[in-house]
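# Chain and residue survey
The lines below spell out each chain.
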Amino acid sequence: MANAPSLGPMATPGAIAWLTMPVYKVTVATGDILKGGTNNSISITLVGSRGERCWTTINYWFLPGTGSCPPTPSRFLPTPHQEKDMTMRCEQDLGRIVLVRLHKWRLFLEDAWVCRDIRVMGPDGTLYRFPCYQWLEGVTTVEVQEGSGKKLVDDELEILKQHRQHELKAQQEAYQWKSFIEVWPRCLNVGSILELDSNVQFSCVRATNFTGVLIFQGAFHLLAGFLLRPTFWKSLDEMRSIFSWTRGREIVPEYVARYWREDDFFSYQFFNGNNPIIIQHCVVLPAKFPVTPEMVAGSLGGGTNLGKEMQEGQIFIVDYEVLEGTIHRCWQHVATLLCLLHQGADGLLRPITVQVGTSHPKPVDNPTVVVERRWSHHVVCVPVLSQTPGPTSPIFLRSDAEWDWLLAKTWRNADFYSHQLLTHPLRTHLFGEVFAIATLRQLPTCHPLFKLLVPHFYFTLYINTLAQSILINPGGVIDKGSGLTCKGMLLIVQQGLEKATYTSLCLPDDIWHRGVVHLPSYRYRDDAMSLWEAIERWHKGLGGSCFISGIVAFYYGEDVAVSRDAKLQAWVVDIFTNGFLGRTSSGIPSSLRTVAELSKFLTMVVFTCSAQHAAVNNGMTWAPSSMCHPLPAEKGKAFLQHFLNPVPEVDTTANILVALFLLSSRLSGVVNAPGTYLEERFMEVEPHWLIRAFQGQLEEIRDRIEERNHWAKLRYNYMNPLETENSISISPLPLSVPRTPPRHLQKHFGFFWRLGNSLAVAPNSSERQLNFAGSTPDYSREAT
């Protein structure tokens, strides 16, 4: 037979039989992970369509690790994967190789191993590839299916059907739902990051990077004296000086410090800041915003009026109604804002009126559930935010006195909570976790959509689990540093979820629904639309090619294949039920019936976990979270001290600035950018070609953004593909990601691991890694 050696005249029948056996050449590769190798014993079994080959033990000292995490820059360099070649002879031809079983055991000490992939060359020269990307710990057996993307209907062999069922059963037991807060999207059922298994751990490199940034920034502010001063600011110049100590950033802090008073910059933040999805076109003024034409006539210019400007599409509104009814602390002051903006003849937007909705006392029937309360005439009351017109919701005009108008614009803490609780955590992190868990529970690893989606979930589960422990929990960082009560913040997220719709998550629909299609200089819209179109579909100049639409067309082809994919439908139902609590008014589909519907839904998932998160994460919030004093009772009597006294104290401001800097940091390293598939899971040629073309489209977008920024006074670079993560993470993912060591090896990593979790924990410094970073596939070559 092919590849059989020649037989001598003295060969025995046994030797002849052995030499004529079918030969399988097997290559097993360790992942590009620090400490990925093992000294334990590994065996392998080939399973084919005609039978299986009993296990063959790979030599002892198989693929030794690269040593512990050294205190040198080499810790950040890629760890080349190591391979082991072996030959297996079988008594019969196994046919098409469909499964590989890896069995790991030990005699004495445990030494975990990460398997990158297995490649098998059959007797006829056919190459079979089995992507694994898993850690094997303890005495365990792992089955890996051949890497071609397959739906349930594509599995013809009973052994593959059983493998798929067993895999999903194990995944559903490992990744269960729970309700962190009853009215929030459901999340992963773990109590802390310590309960996560090794396949969802984070990088010691990343933790160390975050710790370094935290120490770096904290040391600067400590040396400058800001962190040790529980006093009010003395002057505006002193307040501006804190920005000069914010190292490592671009020109944004200096720009803010210089132009924060200007109306143009105030408006700019609503459509190019880190909360750019609130502004919308205003056709009719809401009844709760009683602005008359006479009040704003002087700000609109001659020859026009408010009604005419609204009809011509020149009036826009920002409404933080989601904060209405929220309880805040009695000793701090928060407001829910309403703002009208006018687009002038020069195309620029400027505010013309601001309504500052403060609080009014609200009686509480059951005072035992209220943490912060005050007594007035022996009746238990709490301060509740309201937009009801009246004395507690004063309206300020652009024509008011300078300090009155400046104070009104400064009371933007509603934007702080809208961003820090809804736009960023709810609409990216929490929804991203829902997408990730549903994918792990309902889609087997061989499913084409699992292969497509899993790179967009790196670190998401770890970040969110950590956040539940230290950030958004009662008594956590946000609770302690917030002007709202914990109950008030939970209410905001609940109301935000009730208002979340499928339309608002699908960018083109959201832009049209908010009426901002033609809003000039709307960089968020321009860059986001470019990325959405690159993810979903491309221009005719590229031959009608597409990324997600192309993947869907390749694996599904027709609408009937979508509707008949039971695992796909279960995935969508899981998202609808656990992410949006089965609320039909959200418009989130509970089933997908056509290729077009599937392409749009997948684009929404990928966009949310990459570009949208970058847009709302990579910037910083330039608004105080609360005020120390209320607004002056009368207009015309405000002066500088009325502005300085309400702003949070020096040490509070410095602490918030350090935390926000860290949360929005983009650290040194290689960005896990969109289009980067660090794990080579797709085996077919077509997906490789689509990914390569997608990367080319992203390069064009990058060039356009950088050319625009070259001439801009204030660069909008949040969605530059070079700085956009492929998943919901905070800092770039190095190509080599040394993960947190298995528990039996943590003594070797103890210093870095404990430092990252103790110092960097407060500003959400650690992330969770869903799978492992293999070497970047070379899509410049044709797949074999």
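### A word on the pairing of strand E13 (residues 336–343)
In terms of residue burial, E13 counts as a mostly covered element, since eight of its eight residues are buried. Burial along E13 is two-sided: Thr336, Leu338, Leu340 and His342 facing one way and Leu337, Cys339, Leu341 and Gln343 facing the other are all buried. The pairing of strand E12 (residues 315–319) with E13 spans five bridges and is antiparallel. Across the sheet, residue isoleucine 317 finds its bridge partner in E13, namely leucine 340. By the bridge criterion, eight bridges tie E13 to strand E14 (residues 349–357) in an arrangement that is antiparallel.

### Points about empty space enclosed by the protein
Across all of its chains, the model carries seven cavities of 30 Å³ or more by this definition. Computed from the structure, the second largest cavity encloses a volume of approximately 110 Å³. Along the wall of the second largest cavity there are 13 residues; nearest its centre are Arg427, Ser504, Leu505, Phe607 and Gln612. Of all elements in the fold, only helix H10 (413–442), helix H15 (502–505), helix H16 (507–513) and helix H21 (595–617) reach the threshold of two or more residues within the lining of the second largest cavity.

### What about the packing of helix H17 (residues 523–536) against helix H24 (residues 685–710)?
In the contact formed by H17 and H24, the axes pass within 9 Å of each other and the chain directions differ by 165°. Considering the angle they form, H17 stands roughly antiparallel to H24. Crossing geometry of H17 relative to H24 is assigned as right-handed. For the pair H17 and H24, contact is made by Arg523, Asp527, Ser530, Leu531, Ala534 and Ile535 and by Phe694, Gln697, Leu698, Ile701, Arg704, Ile705 and Arg708, respectively. By residue class, the composition of the contact of H17 with H24 is seven nonpolar, two polar and four charged.

### Overview of the sheet that holds E12
As summarised here, the arrangement of the five strands in space is E11-E12-E13-E14-E18, forming an open sheet in which the pairing is antiparallel. One side of each edge strand has no neighbouring strand; the edge strands of this open sheet are strand E11 (280–281) and strand E18 (395–397). With respect to the sheet, helix H9 (residues 402–410) is in contact with E13, E14 and E18, its orientation differing from that of E14 by roughly 75°.

### Thoughts on the nonpolar core
Counting 138 residues, the largest nonpolar core has Ile279, Trp571 and Met719 as its most contacted members. In contact with isoleucine 279, not counting residues within four places along its chain, are Phe270, Phe271, Phe316, Ile317, Val318, Leu341, Leu349, Arg514, Val516, Leu519 and Tyr522. Among the nonpolar cores identified, the runner-up in size contains 23 residues, and Met88, Phe130, Val142 and Val144 belong to it.

### Observations regarding unusual backbone geometry
Unlike most non-glycine residues, tyrosine 133 shows phi in positive territory, near 55°. Even without being glycine, serine 521 reaches a positive phi, approximately 60°. Mapped onto the elements, serine 521 comes out in the loop between H16 and H17. Its relative accessible area of 37% is what places serine 521 among the partly exposed residues.

### Observations concerning the side chain of arginine 583
Among the secondary structure elements, arginine 583 is positioned in the loop between helix H20 (566–579) and H21. We note that arginine 583 is buried and unpaired, the nearest opposite charge coming from glutamate 498 at a distance of 7.0 Å. A polar contact is formed between the side chain of arginine 583 and the side chain of serine 585, at a distance of 3.2 Å. Setting aside its immediate chain neighbours within four residues, arginine 583 contacts Leu497, Glu498, Lys499, Ala500 and Phe576.

Scoring rules and cut-offs
Residues numbered from 1 in each chain as written. Predicted model: local features only at pLDDT ≥ 70, side-chain atom pairs only at ≥ 80, totals over all residues. Heavy atoms only, no water. Buried < 20%, exposed > 50% of the residue type's maximum accessible area, 1.4 Å probe, protein only. Helix = DSSP H or I, 4+ residues; strand = E, 2+ residues; numbered from the N terminus. Pairing = 2+ DSSP bridges. 1 Å grid on protein atoms, 1.4 Å probe; cavity = no way out; pocket = protein on both sides within 12 Å on 5 of 7 lines; lining within 4 Å. Points joined across faces, edges and corners; volume = space filled by probe spheres on them. Axes fitted to C-alpha atoms, helices over the stretch in contact; angles between N-to-C directions. Parallel < 35°, antiparallel > 145°, perpendicular 65-115°, else oblique. Left-handed = near helix turned anticlockwise from the far one by under 90°. Contact = heavy atoms within 4.5 Å. Nonpolar A, V, L, I, M, F, W, Y, C, P; charged D, E, K, R; others polar. Core = buried A, V, L, I, M, F, W, Y, C linked by side-chain atoms within 4.5 Å. Lys, Arg positive; Asp, Glu negative; His and termini not counted. Salt bridge = Lys/Arg side-chain N within 4 Å of Asp/Glu carboxyl O. Polar contact = N/O pair within 3.5 Å; in protein donor to acceptor, adjacent residues only side chain to side chain.

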